[in-house]
Structures are given as C-alpha cells and as structure tokens.
Amino acid sequence: MRLKKSIPRQFWLNLVIFVLVIISLIVLLQPWRVVQTVTVQSATIPATAIEADANIKKNTPLWRVTGQTNFIVQRILQKNPAVDAAQVTVNGQHVTIKVIEKVTAGYVYQNGQWLVMDRNGRQQKVAAPKGDAPVYAGFKSQSELQQVVQGFVGLELTLRQNISQITLSPNKDNAHRLVIIMDDGNTVYATSKTFGQKISYYPGIAAQMPEKGIVDLQFGAYSHAYGVTQDKPQKNAAEKTTQTP
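Source: prediction; values computed, not measured. (Residues numbered from 1 in each chain as written. Predicted model: local features only at pLDDT ≥ 70, side-chain atom pairs only at ≥ 80, totals over all residues. Heavy atoms only, no water.)

Participant: Explain the sheet that holds strand β7 (residues 135-137) residue by residue, including any values.
Facilitator: If you walk across this open sheet you meet the nine strands as β6-β5-β4-β7-β8-β9-β10-β11-β12, and the pairing is mixed. A single partner strand is all that each edge strand has here, and the edge strands are β6 (123-126) and β12 (222-225). Pairs of neighbouring strands in the sheet enclose a mean axial angle of 25 degrees, with direction left out of account. For strand β4 (residues 104-110) and β7, the ladder comprises two bridges, and the chain directions are parallel. The residue of β7 that forms the bridge with V108 is Y136. The sheet strands contacting helix α4 (residues 142-153) are β4, β5 (113-118), β6, β7, β8 (163-168) and β9 (177-182), and the helix crosses β4 at an angle near 155 degrees. (Pairing = 2+ DSSP bridges. Helix = DSSP H or I, 4+ residues; strand = E, 2+ residues; numbered from the N terminus. Axes fitted to C-alpha atoms, helices over the stretch in contact; angles between N-to-C directions. Contact = heavy atoms within 4.5 Å.)

Set out below in structure tokens:
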C-alpha cells in the first residue's frame, strides 16, 4: 500500500501569499469602479479633443487612470501639438485634466531675420509674421524683451488678440516706455516692468472711452482722445476706480 505524499508547507504558504496579493490588487484597483465625470480646463482646445487624446471619458474604468496620470500626460502631449503642458488629477471618481496651451508670444525682427517667440521666449526663424501675435520693436535688451513677453502670455486670450504691436520707445520721463498699438484703434502707453499687471485695466477703460485715443498706464490709469494733450488727461469713472500709485 502506497502512502499519499503530504503537500509541502511551503506550497500552502505560497498559495496564501498569492491569494492575498490578488485580493489586495482587487481592493486597490476596484475594477468595478468607473470614472463618473471628466473636467477639462483649457483655453481654446475643445474638451472633447483633450478627452480623446487622454482616452478618458465617463464610464472609463478607474483603474486605467489611477497611478497612470504621468503616462496619460505624455500621451496628451504626443497627440496634441497645441498643448505645452498638462496635469491629470483623480479625486474619487472625478478626473480633472488641466492643459496649458502653446502660445505664440510674438515676432521680432533681428539681424535681417524674423523670429517667432513662444511663451518661454524661445525663438525660431520664420519667413514673416502671421498676424496671430504682436510684433515687438525697439528692444535692445533681451531680458527686457523677455519680461514683456512673459507679461503678454499671461493675459486673457481676448486681450492678447487685441494687441498688434509693442514698441519700446523711451522718452525723458520714462526710460522703459512701451507704445502698444491695439487692433481696436487705441494706443496704450505702458512701462515694461508693469506691463503685464497694468494692461489688464485696459478693457474696462476702453469700454468707457467716448472716442478712440490714448490709454496711459505708465504712472496711473488715464485716457484721452487723440489730439488732446497728454498733460491734461481726461478721466472717466471707470478709470478713477482703476488708478494705481
């Protein structure tokens, strides 16, 4: 009579460990849970396009997102050349995708060549400006140009689209004076160091100007019609509320 061989204790130990690992994975991944909502934060790129690039939508298994956000970000960047950076976060069954779009910061003519600049000031040769961003002129310092570029890319889209030319034009009162030509027919005077902050006052001031003219943001917030001397600026109610020291 042959005796049955007993199963080694190590086998049972390995089996228990394997079962525990499987249970842990199930608990961690919760394959029955799905994405309930997806929120896309973007400026001009449609949310549906970002969701398609990320391959995430309502009812997507949550385990395909949890722990894979970096991979999803890389997939968005590879599929959509208009995206400069992205962030994917998971909160319960809600997924938020935030994208930073590439911005053409403007064009500058240097050494007989047109250059296009991105939001980080990187420059690339182009045949000519496309009209989708302002032309910069008069800048002798790259650091001052970069300062103005950074101010520009931080503006609201509608305001960026209204600026056609930014020229550094110093005078005796302001060595860092900017003359900004707006597409709506106004001209703005500003200072390179405070351009990004003060230009945000422009839409409110321009909306209450009775006629086209100058908006002076160098040392305050004033406006006056073309032909009116600058030493006697006209102020309206909107401008008084936006004056700065």
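Participant: Could you give an account of unusual backbone geometry, with specific residues and numbers?
Facilitator: One non-glycine residue, N55, lies in the positive phi region at around 60 degrees. With respect to the helices, strands and loops of the structure, N55 is situated in the loop between α2 (47-54) and α3 (69-79). Not every positive phi belongs to a glycine, and N59 is a case in point at roughly 80 degrees. In this fold, N59 is placed in the loop between α2 and α3.

Participant: Could you give an account of the nonpolar core, with specific residues and numbers?
Facilitator: In this structure, I180, F195 and I199 are the most contacted members of the largest nonpolar core, which totals 31 residues. Here the element with the most residues in this core is α4; it accounts for five residues. Dropping the residues within four chain positions of it, I180 is found in contact with I163, Q165, I166, N186, T187, V188, A190, F195 and I199. Of all hydrophobic cores here, the second largest spans 18 residues; its members include V35, V38, I45 and I97. (Core = buried A, V, L, I, M, F, W, Y, C linked by side-chain atoms within 4.5 Å. Buried < 20%, exposed > 50% of the residue type's maximum accessible area, 1.4 Å probe, protein only.)

Participant: Kindly report on the layout of surface pockets, identifying the contributing residues and their values.
Facilitator: Considered as a void within the structure, the largest pocket measures approximately 500 Å³ in volume. For the lining of the largest pocket, the secondary structure elements donating two or more residues are β3 (94-101), α4, α5 (157-161) and β8. Ranked by residue count, the leading element in the lining of the largest pocket is β3, at four residues. Grouping the amino acids of the lining of the largest pocket by side-chain chemistry returns eleven nonpolar, seven polar and seven charged. (1 Å grid on protein atoms, 1.4 Å probe; cavity = no way out; pocket = protein on both sides within 12 Å on 5 of 7 lines; lining within 4 Å. Points joined across faces, edges and corners; volume = space filled by probe spheres on them. Nonpolar A, V, L, I, M, F, W, Y, C, P; charged D, E, K, R; others polar.)

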